[in-house]
Structure formats: structure tokens, C-alpha cells
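Structural overview for review
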Amino acid sequence: MIREAEREDLTEILELYLCLHETSVPEASEHLAAVWDQILQDENHHLIVNEVDGKIVASCVCVVIPNLTRNVRPYAFVENVVTHSEHRGKGYATQCLDYAKAVAEQQNCFKMMLLTGSKEQKTLDFYTHAGYNCIDKTAFIQWL
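Rules behind the numbers
Residues numbered from 1 in each chain as written. Predicted model: local features only at pLDDT ≥ 70, side-chain atom pairs only at ≥ 80, totals over all residues. Heavy atoms only, no water. Helix = DSSP H or I, 4+ residues; strand = E, 2+ residues; numbered from the N terminus. Buried < 20%, exposed > 50% of the residue type's maximum accessible area, 1.4 Å probe, protein only. Salt bridge = Lys/Arg side-chain N within 4 Å of Asp/Glu carboxyl O.

1. Things to note about the environment of Y99
Residue placement: Y99 occurs in helix α3 (residues 92–106). Y99 gets classed as partly exposed once you look at its relative accessible area, which sits at 27%. Separated by 40 residues in sequence, Y99 and A139 have C-alpha atoms that sit 24 Å apart.

Dropping the structure here:
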């Protein structure tokens, strides 16, 4: 079942992120709770989860960003695309990306963007198959 995250999903999402790039689950803290509240309350921040048999197995984030160009149309940024290692290759992340695309279309976004740190051809092919390309733009990152 594809849906947006709910308050009680935090622990499961943090555990899923261990399959992304995290090495540990953050300790419960006031800061973590405040950030989680901020995400849940932000109408432009969509943390999408795919739940199978009551367990979250895939997720992505889609943030709609207001914009003054392109006839004042927003754009969407997709990040943290992840599927639990035991559930890969079953279309769960694709379903999350499809949900994100529907959100972007409903919000009249003129484009969607995502970045990946992966250099694996299988991952790059996955994003190409999902409708993204690596030709139109060049991404630069400055780590802080």
C-alpha cells in the first residue's frame, strides 16, 4: 500500500534508511522529534512509504518547491529513494516514484529532479526506466 508517512512510522522509516546510506538509527531526542513534526506538518514535504504486509519496505521523499520562473510553477525534488534489501526488484520503489510523480502533477510542477550517489548501472537504469534522464542538467553538490 502506497501512502504518505504517519507519525507512528518514524522508527520503521529510520530503520529502512539503514539500507540507504545510514550506519545507525539516530537516538530519540527533542531535535529528532522536532524535525519529524516539521516534516509531517509541511504540506510541501511528502514522505512516501510503500507498506507490504504491515511493514514499510520502500520509501522516497518528494518536496514541492515554490518557484518564480516557468510561469510561477513549482518543481519537485525527489530524495532518499530506498527499498529494503530483502524486497528489491519487486517494483516497490517504482510505486513510490509513481506516487511522487502524481503529487508533482497535482501541484502543477513543471519538472521533477532527483540525485543519486550510485554509480551502479542497475541503479542508473532504474531511474531512467522511471522516466528520469541524466542529459538535461548537470548536478553539483557542495557538502557542508
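2. Some remarks on the pattern of salt bridges
Proximity of charged atoms lets side chains of opposite charge pair with each other. Counted according to the given criterion, the structure contains three salt bridges. Between R3 and E51 there is a salt bridge whose closest N-O contact spans 3.4 Å. Of this pair, R3 sits in strand β1 (residues 2–4) while E51 is found in strand β2 (residues 45–52), placing the two residues 48 residues apart along the sequence. The class of E51 is buried, set by a relative accessible area of 18%. As a salt-bridge pair, R7 and D37 come within 2.5 Å of each other at their nearest N and O atoms. Residue R7 is found in the loop between β1 and α1 (10–16), and its partner D37 is found in helix α2 (residues 30–41); the two are separated by 30 residues along the sequence. R7 gets classed as partly exposed once you look at its relative accessible area, which sits at 46%. For D37, a relative accessible area of 27% translates into the label partly exposed.

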